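Structural overview for review
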Amino acid sequence: MTDTAYAGLLVIGDPHLEGRQPGFRKDDYPEVILGKLKWCLDYAVSYRLLPAIIGDLFDKPRDNANWMLGRLFDLLAGEVIGLYGNHDVHYNPELTEHDSFSLLVKAGRIKLLSADSPWRGTIGGRPVVVGGSSYRQPIPSRIDPLETNAAAGPPLGIWLTHHDINMPGYDEGWIKPHEIDGVELVVNGHIHRRLESVQAGKTLWVTPGNISRRARSDATRVHVPAVLQVEVTADSFTLSHVTIRHQPYDEVFYEAVIAETTDSSSSAFVTGLAELQARRTASGAGLMEFLERNLNQFEPPVADEIMNLAMEVTANVQSENGNRVV
Ligand SMILES: [Mn+2]
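In short, a report on the structure.

Okay, the overall build of the protein chain next. Looking only at helices and strands, the protein chain has eight helices and twelve strands in total. Residues counted as buried form 48% of the 326 residues belonging to the protein chain. Look at the contacts in the protein chain between residues 6 or more apart in sequence, and 70% of them connect residues 24 or more apart. With an accessible surface of roughly 15,600 Å², the protein chain has 51% of that area assigned to carbon and sulfur atoms.

Spelled out as structure tokens, the structure:
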């Protein structure tokens, strides 16, 4: 498909692909999340949208399962643009040849956007520039007009980011939404829930949230996995959140079973352990939570030793993430 046929963009938030089960997910996460990405890419083809991944394609930057990388090479068959997020890089903030994401860039499966290398083309019959700043890369204050195709009129400027943006409902952000000269729309990844958009001068800042639900938290419970469809119109654009088919929250996550207890006797500890064993998540999620709540009943050297052992065990699980755990 040539870019002249594009009607818009499909912005895909933080897929966090992983070859093993994260946290308290109880479904077959590796397959489910690849399936979601496939759904997004198929949807993009059906509606003539250029797919754009706004960082954290992977959950772990390295040692990703070969079968998963192979599937990705098949899935990313058409034109796809994107950024790397903090989860895609091992030594923040640079992408290196050791990180899986770099393979996809090298193979031309993803065009990595940067300030120096934006995507340029025609969308909805208009010239469009889509630039991007990967994790910790500076967000420019303007698109240089010399860089734009003046003959075809001013392009629609879109910028993608993977940053801690200070949006309503997310106060960990250190970058305030601001006007960027020549950019009408900024779409930010990194924040895993959909937040209210902020108009800063001529620039609209949008946080669509991610397509997967990773953490078992209240925020996740209300988050509806969706992608952001940006339809380019003659003089502007329209935005819509397209819900991705997903299972109910309770079918995706184990129920929280570790009740707060004031009883610090070892029998409560043992009961808690038995519950943990019954739940047995692939990543050892719940174990740390359990230990943090219960270790205070032991002498510090004993508590430290238990914690060290637990960390060793869960680190081993992580290093084995090339093996699928089902
Ligand atoms: Mn993320």
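Additional details are given in the paragraphs that follow.
One open sheet accounts for six strands, arranged β5-β6-β7-β8-β10-β9; its pairing is mixed. Among the strands making up the open sheet, the edge pair consists of β5 (119-123) and β9 (195-200). Between one strand and the next, the sheet's axes are offset by a mean angle of 20°, whatever the strand orientation. In terms of strand pairing, β5 meets strand β6 (residues 126-133) through five bridges, oriented antiparallel. If you follow G121 over to β6, its bridge partner there is V128.

Excluding glycine, residues mostly have negative phi values, and the peptide bonds linking residues are mostly trans. Here R48, not a glycine, exhibits a phi torsion of approximately 55°, which is positive. As for its position among the elements, R48 is in the loop between α1 (29-46) and β2 (49-54). Classification of R48 by relative accessible area gives partly exposed; the value is 41%. You will see that H190, though not glycine, has its phi angle at about 70°, which is positive. Examined against the element boundaries, H190 turns out to sit in the loop between β8 (185-188) and β9.

So, about the sheet that holds strand β11 (residues 226-232). Read from one edge to the other, the open sheet built from six strands follows the order β4-β3-β2-β1-β11-β12, with strand pairing classed as mixed. The open sheet is flanked by β4 (111-112) and β12 (237-243), the only strands paired with a single partner. In this structure, β2 lies alongside strand β3 (residues 81-83), joined through three bridges in parallel fashion. Bridging from a neighbouring strand, A52 pairs with I81 of β3.

In this section: helix α7 (residues 287-294). Within the span of α7, buried status applies to F290, L291 and N294. Taken around the axis of α7, the buried residues stretch over an arc of 95°, which confines them to a single face.

Membership of the largest hydrophobic core comes to 31 residues, with the highest contact counts inside it found for I12, L17, L57, F58, L72, I110 and V227. For this core, the elements supplying multiple residues, two or more each, are β1 (8-12), α1, β2, α2 (66-75) and α3 (100-106). Per element, the largest residue contribution to this core is eight residues, and it comes from α1. Apart from residues lying up to four places away in sequence, I12 is in contact with L37, C40, L41, P51, A52, I53, I54, I211 and V227. Of all hydrophobic cores here, the second largest spans 24 residues; its members include I81, W119, I123 and L160.

Turning our attention to the coordination of the manganese ion. As a benchmark, a tetrahedral metal site with four donors has ideal angles of 109.5 degrees, while an octahedral site with six donors has ideal angles of 90 or 180 degrees. Within the protein, the atoms that donate to the manganese ion are D14 (OD), H16 (NE2), D56 (OD) and H192 (NE2), at distances of 2.1 to 2.3 Å. The exposure class assigned to D14 is buried, which follows from its relative accessible area of 1%.

Bringing the side chain of D56 into the picture now. Tracing the backbone shows D56 in the loop between β2 and α2. At 3.4 Å, the side chain of D56 and the side chain of H162 are in polar contact. Each residue touching D56, except ones within four places of it in the same chain, is listed here: D14, P15, H16, Y84, G85, N86, H87, D88, H162 and H192.

Following the criterion strictly, the structure yields six salt bridges and no others. Ionic pairing is found between D42 and K38, a salt bridge with its closest N-O pair at 2.7 Å. A residue pair is termed a helical-turn pair when its members lie 3 or 4 positions apart in one helix, as D42 and K38 do in helix α1 at four residues. Its salt-bridge partner being K60, residue D59 comes within 2.5 Å of it at the nearest N-O pair. With respect to burial, D59 and K60 carry one shared label: buried. Each of the salt bridges in this network shares a partner with another, and the network as a whole consists of E18, R20, D59 and K60.

At their nearest, the axes of α1 and α2 sit 11 Å apart, and the two run at 10° to each other. Relative to α2, α1 is oriented roughly parallel. Seen from α1, the contacting residues are P30, E31, L34, L37, K38 and L41; seen from α2, they are W67, M68, R71, L72 and L75.

This paragraph deals with the packing of aromatic side chains. For the structure shown, the criterion picks out four aromatic pairs. Centre to centre, the rings of W39 and Y43 are 5.3 Å apart; their planes meet at 25°, and the pair counts as stacked. Of this pair, W39 and Y43 are both found in helix α1, four residues apart, which corresponds to roughly one turn of the helix. When its relative accessible area of 28% is taken as the criterion, W39 is described as partly exposed. By the ring-pair criterion, three or more aromatic residues cluster together here, those being W39, Y43 and Y47.

About the thresholds
Residue positions are given per chain, counting from 1 as you read along its sequence in written order. For this predicted model, a pLDDT threshold of at least 70 governs which residues receive local features, and a threshold of 80 or more governs which side-chain atom pairs are given and counted, while totals over whole chains, interfaces and linings are taken from all residues. Heavy atoms from the whole structure form the basis of all side-chain values; hydrogens and water molecules are not counted. Helix numbers and strand numbers start at the N terminus; a helix is a DSSP run of H or I with at least 4 residues, a strand a run of E with at least 2. A simple rule labels every residue: compare its accessible area, found with a 1.4 Å probe on the protein chains alone, to the largest value its type can have, and call it buried under 20%, exposed over 50%, or partly exposed in between. Any two residues whose heavy atoms approach within 4.5 Å at even a single point are treated as in contact. Reported accessibility uses the Shrake-Rupley method at a 1.4 Å probe radius. Residues are deemed covered only where the shown protein chains occlude them. In this description, strands pair whenever DSSP reports at least two bridges between them. Where helices are involved, their axes are fitted lines through C-alpha atoms of the stretch in contact, as for all axes, and angles between N-to-C directions lie from 0 to 180°. This arc corresponds to the set of directions leading from the helix axis out to the C-beta atoms. Nonpolar cores are built from buried Ala, Val, Leu, Ile, Met, Phe, Trp, Tyr and Cys residues. Side-chain atoms within 4.5 Å join them into one set. Donor criterion used throughout: N, O or S atom within 2.8 Å of the metal, extended to 3.2 Å for Na, K and Ca. Water excluded; incomplete-looking sites may result. Polar contact is the term for a pair of N or O atoms within 3.5 Å; when the atoms are in protein, one must be able to donate a hydrogen and the other to accept it, and sequence-neighboring residues count only if both atoms are side-chain atoms. The term salt bridge refers to a pairing of a side-chain nitrogen on Lys or Arg with a carboxyl oxygen on Asp or Glu at a separation within 4 Å. Angles are sorted into four bins: roughly parallel if under 35 degrees, roughly antiparallel if over 145, roughly perpendicular if 65 to 115, and oblique for all others. Planes of paired rings set the category: under 30 degrees apart is stacked, over 60 is edge-to-face and the rest tilted, where pairs are Phe, Tyr or Trp rings (Trp by its six-membered ring) whose centres lie within 6.5 Å.

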